[in-house]
Each structure stands twice: as structure tokens, then as C-alpha cells.
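Architecture and fold: a report
Chain residues, written in single-letter form:
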Amino acid sequence: MKSQHAIIIGAGIGGITTAAHLAQQGLRVTVIEKNGRAGGRCDQISRDGHRFDTGPTLLVMPLLYEQEFASLGVNMRDVLDLQRVDPTYHLVFDDGSKLALTSDLNALESQLEAIEPGSFQGLLRYLEEGHRHYHLGIERLVNRDFRKATEFFNLRNLPLLTQLKPAMRHYSHMSSFFDSPRLKAAFTFQDVYMGLSPFEAPATFSLMPYSELAHGVWYPRGGMYQVVKALMQIAQQAGVEFMFNTSVEQIDVVGNRTRGVVLENGRFLQADIVIANADLPYVYNNLLPQDNMAKQLKRKRFSCSVMSFFWGVDKPYPELPPHTLFLADDYKENFDSIIDDLSIPDNPSIYVHAPTRLDPSMAPAGQDTIIGIVPVGHMNEDEPQDWRAIRDRARESVFQRLATIGITDLPDHIKFETNFSPLSWQKRYNLMKGSTHGLCHNMMQLGYLRPQNRHPQVENLYFVGASTHPGTGMPTAMVSGRLAAVRLLEEQVTVGEKTAVTPFPVPQTALVPYE
């Protein structure tokens, strides 16, 4: 089996995970990455002593991370220096009122009751449902690799329609627990992690706020890029070779097999197996011969995008918590502008991250590192948006929101700014339409209905990453990498070599509140 050579296109979270699993099983693995470092959209920018995570800024669903590191033979706590973040978020509403989401239920109860008397009991019922959604969802959907329709559409899964409520809209379902629009927003905004509006997201996604409160929100010292570094170390120790600043121009396909890849300089690299970790719609439309699947993917629903601002600041703002979310009262109009109009809302909800509250090393002493994120629509190919104008509106909206909590002088103290628009996400990471989460996660793009991790005709071409099953997010990308590796090993290792393979099972992590 050691003679078999696997090439992985893209060193994102899923690609590195797949590479590590395959190398640990004896394959020779080469990862080809167009950028100068690993991580994909989970990148990190460093400038003048300031460090910025460009992708996720907090570690959620820690049990899933723990499971996936364990499947690689590593204790997560040995490779990540984690600290718990509580309160998880400081929410600020349009009138300046605040809500600190915390796992301290006594503190949370007093805040909720002040907003809506009786709402705490509604929260407990919501968390009970989220507990069920989390455990069933992880066991029956996320950790499963649906290779045939009958593995998804069967009598055993039929009860999931009522147990997981995939046909119910998340926001509408919140009426079963709260009357206050602000509380409904406070426990559904997490759907944006999936690139979805809570007005169309399945009620299944109550599993996200449940996990945040039950298992905690965490932060690795050094930023979320430490997850990438940990995976890189595991992969390199297993013998994975990485080629950076190298772009793949084409996946070479003859008949029903791929023979390898062609680089942008024309060089051909032979492989027995190819795994594409690049954005799946990009792979079909740019690296493979055009076919119906390429056209179908272009017609699928894509996630929203974001306008991100990375500011190095010459003074600290200790009054700014690590995670502040300004939630607009015109909540539905926000998502209509983003999802339907593919634009920026007039009064956008905004997320501000101050990592130095958690790790002072993220900025020089006496200074600050601040990230502002404004959700916007993805790129519209029929009517291209004016991203320069949208960028300027988004920046001003961040400044205006910060002024409502007393931070009025930030523009005067910005040493430098780096910003990402949907154009940046497309150019840097080959994300079609600049969609930061790939294909969205509505009911028709989940489970078996989401693109699978192997090409339907090219039998030795596999896929991993956000637009494949199980979907977007750092921990689910690790799951995607493991599922693709398991399938590849089962299907591509020759009969005589299969006895040498020890399939890695899903670790049975104790699904209890994370201490």
C-alpha cells in the first residue's frame, strides 16, 4: 500500500485532516496548496505585531473537535491551550440594551426574565430540544457517510423528521419558546455560521446554541489558527509532503479514472488517487471537464458572504469584550437584504472580535487588535455589486455601532486596515461567488442531498470540505476529512493490501457538558 500516491488539492482543514489519516495508514500523500501557508479560509494575518484570524474566531462544538483529534491519535488538550470564554457573547440591541449569553444559568435567568417574564422556562425547554438535536444530529447525520439513497431515506431515519424538525423553520419555531423578538434573535443568530438565514434554516440548528451553552465556547491561545498548526504537525509527523504557492490547473481524467493533476506551469504530477479540498463548485467548474454536475452546482443555493475588517490599533479598548454582537431589531429585513437582495442591510447586524481580551500576545503591548465582520450577500454574476461602496458602508456601520457603547475614537487610532470583500474570498481561496461557507445548509442540501465525497463517475476522485457532506465549519471539516479517508481506504486499497489497513473508528466521546 505504501506505493500508492494520493494527491490532495488544497490545505484547508479538511484536506490536512484527510492527508493525516491517509499517511497514518501508509499512503504516500502530497498536498498542493495555492497559497503560501495552510488553513484555507481559516487563515491568519500577521502585521506589525498584530495577529488576526480571518476565518472562525472562536471554538464551538468542542466535543466534535475532541472526537476528531482522537481519531488521529491525539488528545486535543495536548495540542491546544484552550480557555473557556464566558459570557460567550455580549449582545447589544438597537436601543443600547444588552444581553450577555452565559452558561451561568442563574445569571442568564435574571437577564431573560427582565426582557420577557417567564422566558427562562422557555429557554430550558429550548435547550432540552437542542440537546436532542445535537446528539441525534451528530450521531445520525454528521458522523454518517451517506453513499446510497437508501442509507438516508429509510424507515429507521423516518422518526428524524419529527425528532430533528428539519422541515420547520428555525425562527418560526422559536415562537414555541419565546415571544420577544430579541430573544428569538439571540438564540438563532448562530445559523449564520452555516451561511443561512434563521428564517429558512431548519429548526435542527438549535443544536448550535445548545452546544455553546452546554459544552462552552473556547479560545486557543494564539488564535484559531493554532488548530491549523496542530493538524499540520500531525500530518507532517505522519510523513505528508506539502507544496505551497503551487496552483493546480487541471485534474487529469481519462475514462472513469484520474491519473493525477496538471499544475499551472504545465507540470504533470501522477497520482493513484486525487482528493480535492478546493471549493467543490470551483473544482467542477474549473478543474474538471465541464459536465451537468458543474452546471447543477452553479444553480444550487450558496451561503452568504462577509465583509471583514482587520484593524491594528495604537491604543487598547479594555471596555470592548472579546465577542460583541450588535443585533439589529429589523432582524428579518437584515437577512432579506443579504439572502434575497445580495446586498448589505441599511442597519446591519455586526460582529466585533477583540482577541487581546483573551490573549494579550495578539497585539503589541499597549495596543489592540480588532476585527469587524458584517454579513453581506454573495457575488451576483448577473448584476455585479459595487463592493467598494458596500465596503465603505460596512466600515461606517461598524464605527457607528461601536459609538453606541462609548467607543467613538476608533477611526483616529487605526494604524492600518486590511479588509476582505466577497471578491477577496473568491480570489484568495477560490470560493465561488465569494460565499464564505460554500453551499448553504437548507433542507435540500443536507445529508444525502448534499454533494457526496466521491465523484459519481471518476472512481478514484474524492472530495472533502465545506460544500460536501457534512458541511461547513472547522470541526465538520475534520469530520469530512475522516469520512473521505475512510471511504477512500475501503474503495481504493487493493484486495491484497486491505489486511494491512486498520480502519479508524469514530471515538466514543462522552457526550456530557464539557468541563
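Residues numbered from 1 in each chain as written. Predicted model: local features only at pLDDT ≥ 70, side-chain atom pairs only at ≥ 80, totals over all residues. Heavy atoms only, no water.

**Some words on the nonpolar core**
Quick reminder of the rule: The definition of a nonpolar core used throughout is a set of buried Ala, Val, Leu, Ile, Met, Phe, Trp, Tyr and Cys residues joined through side-chain atoms within 4.5 Å. Any residue under 20% of the maximum accessible area for its type is buried, any over 50% is exposed, and the rest in between are partly exposed; the area is computed with a 1.4 Å probe on protein chains only. Strands are runs of DSSP state E lasting at least two residues, helices are runs of H or I lasting at least four, and both sets are numbered from the N terminus onward. In what follows, residue pairs with any heavy atoms lying within 4.5 Å of each other are defined as contacts.
Counting residues in hydrophobic clusters, the biggest one holds 61 residues, and the most contacted among them are L91, L99, L123 and F187. At seven residues, helix α5 (residues 119-142) tops the list of elements feeding residues into this core. Every residue in contact with L99, bar those within four places of it in the chain, is listed here: Y89, H90, L91, F93, L108, Q111, L112, I115, L183 and A186. Counting 45 residues, the second largest nonpolar core, distinct from the first, contains A20, V31, M232 and L488.

**Focus: the packing of aromatic side chains**
The following threshold applies: When two rings of Phe, Tyr or Trp (its six-membered ring) have centres within 6.5 Å they constitute a pair, described as stacked for plane angles under 30 degrees, edge-to-face for angles over 60, and tilted for the intermediate range.
By the definition in use, this model includes 23 aromatic pairs. Seen from their ring centres, F242 and F244 are 5.8 Å apart, and the 5° between their planes marks the pair as stacked. Given a relative accessible area of 14%, F242 falls into the buried group. For F244, a relative accessible area of 27% gives the class partly exposed. Judged by centre distance (5.1 Å) and plane angle (90°), the ring pair of F420 and W425 falls under edge-to-face. Look at F420 and you get buried, because its relative accessible area is 1%. Feature note: the residues F52, F310, F416, F420, W425 and Y429 constitute an aromatic cluster, connected by ring pairs.

**Overview of the packing of helix α1 (residues 13-24) against helix α10 (residues 225-237)**
We apply this condition: To get an axis, a line is fitted to the C-alpha atoms, and for a helix only the part in contact is used. The angle between two axes follows their N-to-C directions and goes from 0 to 180 degrees. When describing relative orientation, an angle under 35 degrees is termed roughly parallel and one over 145 degrees roughly antiparallel, while 65 to 115 degrees is termed roughly perpendicular and anything else oblique. With the far helix as reference, a near helix turned anticlockwise by less than a right angle produces a left-handed crossing, and one turned clockwise produces a right-handed crossing. Ten residues, namely Ala, Val, Leu, Ile, Met, Phe, Trp, Tyr, Cys and Pro, are considered nonpolar, four, namely Asp, Glu, Lys and Arg, are considered charged, and the remaining ones, Gly among them, are considered polar.
The contact between α1 and α10 brings their axes to 9 Å, and the two run at 25°. The angle between the axes of α1 and α10 places the two elements in the roughly parallel class. Note on packing geometry: the crossing formed by α1 with α10 is left-handed. Counted together, I13, I16, T17, A20 and Q24 of α1 and V227, V228, L231, M232, I234 and A235 of α10 form the full contact between these two elements. A breakdown of the residues in the contact of α1 with α10 according to their chemical character gives nine nonpolar, two polar and no charged.

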